[in-house]
Amino acid sequence: MSKLFPAYRASWETDQHRELRKHAAEFLSKEATPHQERWARQHQVDREFWNKLGNAGLLGLDLPERFGGTGGDFGYSAVVAEELALAHDSSSGWIVHSPIVAHYINTYGTEEQKQRWMPSIISGDAVLAIAMTEPGTGSDLQAVRTTAVRDGSHYLINGSKTFISNGTHCDLLVIVAKTDPSQGAAGTSLIVAETDDRLVGFERGRVLEKVGQHGQDTRELFFTDMRVPAQNLLGDKEGLGFYQLMEQLARERLIIAAVCAGMAEAAVLEAIRYTKQREAFGRPLIKFQHNRFELAELKAETLSIKTTVDYCIQHYIDGNNDPATASMAKLIAADKAVDIVDRCVQFFGGYGYMMEYPIARAYAAARVNKIYGGTSEIMKEIISRSL
Ligand SMILES: Cc1cc2nc3c(=O)[nH]c(=O)nc-3n(C[C@H](O)[C@H](O)[C@H](O)COP(=O)(O)OP(=O)(O)OC[C@H]3O[C@@H](n4cnc5c(N)ncnc54)[C@H](O)[C@@H]3O)c2cc1C
């Protein structure tokens, strides 16, 4: 149940979603919120956090029961995405692992691949990452230069990737590579590398110093004649990668939108709490009409994000995997969340600029939502194709 809008219920939200929300909130308040500053200092979550997520049933929410998942709909992931933000988490790579990369394997993997990987994905024994972005290209995925050349029963992979979330912890890495560099989109394939210490030619580069999300292990990755079994190709033939990316990116954008809705709500709740308790000129900050009006506006704008995002989630749950709708959710939610978090910082004065305050960490973490998962400009490009 939303603390800011107690009567709010998304059209897709069932009693099961509500129970999950409660369970996730309890788990995160104990296992994620208290560790944020330490995780930020060490630039990664504790490895055992992944198994704790798995043991709590939070890694296989919309994945098949036969592999240990819950078998729920997309709303299960959306609920946890929101709760992560409401728990002031900016460290966990959960959104990359569970609602995003696991679905590449579940959707395009062969039965053998799924039997091999899905149980450990759901238990947290294997952490997932996806490597699309390269130093020379991000938005234009057709231009990736990493190559995967067939060599007997293996692919020989060469190239470099950057900004890869879960780059330290990942055990399974979905790599976007050109199996036919003479082609653009049609020469692109997705190949899963099992990135343990025995994988020759695989190198984890530096952990990147980001503006926010300091607890996230975001890294460069390098592949030098890295041999990956040909049977780790996703899909029954080469050249399907671009299509697979386009199909899955809608899901990624909706999840980021759900996180943004949670971030906006969390920031407004923090601001209300703080302005009731902090005094200036002999009265609580919330007693000043300017602050009440600003909070009123922020609350209304947060509701507008939630309803937009939930409309788009309902559309997706109804079976419409439509890129423009998912892009509208991300465009609006990211732009508004960045603005709302910024305006909430103001109520905290100097404390809003101190990283020990969740509102400051949220401010630093929010900005990237307009960049990753496809930039706001790319969202407009996609939406414009539906005009
Ligand atoms: C914290 C973080 C985590 C990330 N995690 C991952 C990850 O796990 N895996 C992964 O593969 N990537 C990841 N990324 C990369 C992210 O997806 C890219 O940064 C993003 O897609 C943009 O690519 P780029 O940085 O190369 O920018 P560019 O593509 O170079 O874009 C630069 C600017 O040009 C604009 N632009 C580009 N094309 C157009 C156009 N056609 N019309 C108008 N404007 C345009 C963009 O909107 C942007 O403003 C992550 C990034 C960050 C910051």
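Residues numbered from 1 in each chain as written. Predicted model: local features only at pLDDT ≥ 70, side-chain atom pairs only at ≥ 80, totals over all residues. Heavy atoms only, no water.

Asks: Any details on the pattern of salt bridges? Residues and values, ideally.
Replies: Pairs can form between side chains of opposite charge whenever their charged atoms are close. Under the criterion given, the structure shown has 28 salt bridges. Residue Arg 66 is joined to Glu 111 by a salt bridge in which the shortest nitrogen-to-oxygen separation is 2.9 Å. Highlighted residues: Arg 66 in the loop between helix 3 (47-55) and helix 4 (74-86) and Glu 111 in helix 6 (residues 111-123), separated in sequence by 45 residues. In this structure, Glu 270 and Arg 273 form a salt bridge, with 3.1 Å as the shortest nitrogen-oxygen distance. Residue Glu 270 and its partner Arg 273 are both found in helix 7 (residues 241-277); the two are separated by three residues, about one turn of the helix. Of the residues examined, Glu 270 reaches a relative accessible area of 12% and is grouped as buried. Judged by its relative accessible area of 44%, Arg 273 is partly exposed. (Salt bridge = Lys/Arg side-chain N within 4 Å of Asp/Glu carboxyl O. Helix = DSSP H or I, 4+ residues; strand = E, 2+ residues; numbered from the N terminus. Buried < 20%, exposed > 50% of the residue type's maximum accessible area, 1.4 Å probe, protein only.)

Asks: Account for the domain arrangement of the protein, naming residues and giving values.
Replies: Reports often express the size of an interface as the amount of accessible area lost when the parts come together. Entries for the protein in the domain assignment read domain 1 (15-126), domain 2 (129-239) and domain 3 (242-385). With 21 residues of domain 1 in contact, the opposing surface of domain 3 contributes 26 residues. Taking both partners together, domain 1 and domain 3 bury about 2100 Å²; carbon and sulfur atoms supply 69% of that area. Between domain 1 and domain 3 we count two salt bridges in total. Residue Glu 82 is joined to Lys 306 by a salt bridge in which the shortest nitrogen-to-oxygen separation is 4.0 Å. For the interface between domain 1 and domain 3, the tally reads six residue pairs in polar contact (both at pLDDT 80 or more). Of all the secondary structure elements, the ones that give two or more residues to the side of domain 1 that touches domain 3 are helix 2 (36-42), helix 4 and helix 5 (94-108). (Domains from an automatic or database assignment. Contact = heavy atoms within 4.5 Å. Buried area = accessible area lost by both parts, 1.4 Å probe. Polar contact = N/O pair within 3.5 Å; in protein donor to acceptor, adjacent residues only side chain to side chain.)

Asks: Explain the packing of helix 7 against helix 10 (residues 358-366) to me, and be specific about the residues and the numbers.
Replies: Running from amino to carboxyl end, helix 7 crosses helix 10 at an angle of 150°, the nearest separation of the two axes being 10 Å. One element, helix 7, and the other, helix 10, form an angle in the roughly antiparallel class. Handedness of the crossing formed by helix 7 with helix 10: left-handed. For the pair helix 7 and helix 10, contact is made by Met 263, Ala 267 and Glu 270 and by Pro 358, Ile 359, Ala 362, Ala 365 and Ala 366, respectively. Residue classes in the contact of helix 7 with helix 10 are distributed as seven nonpolar, no polar and one charged. (Axes fitted to C-alpha atoms, helices over the stretch in contact; angles between N-to-C directions. Parallel < 35°, antiparallel > 145°, perpendicular 65-115°, else oblique. Left-handed = near helix turned anticlockwise from the far one by under 90°. Nonpolar A, V, L, I, M, F, W, Y, C, P; charged D, E, K, R; others polar.)

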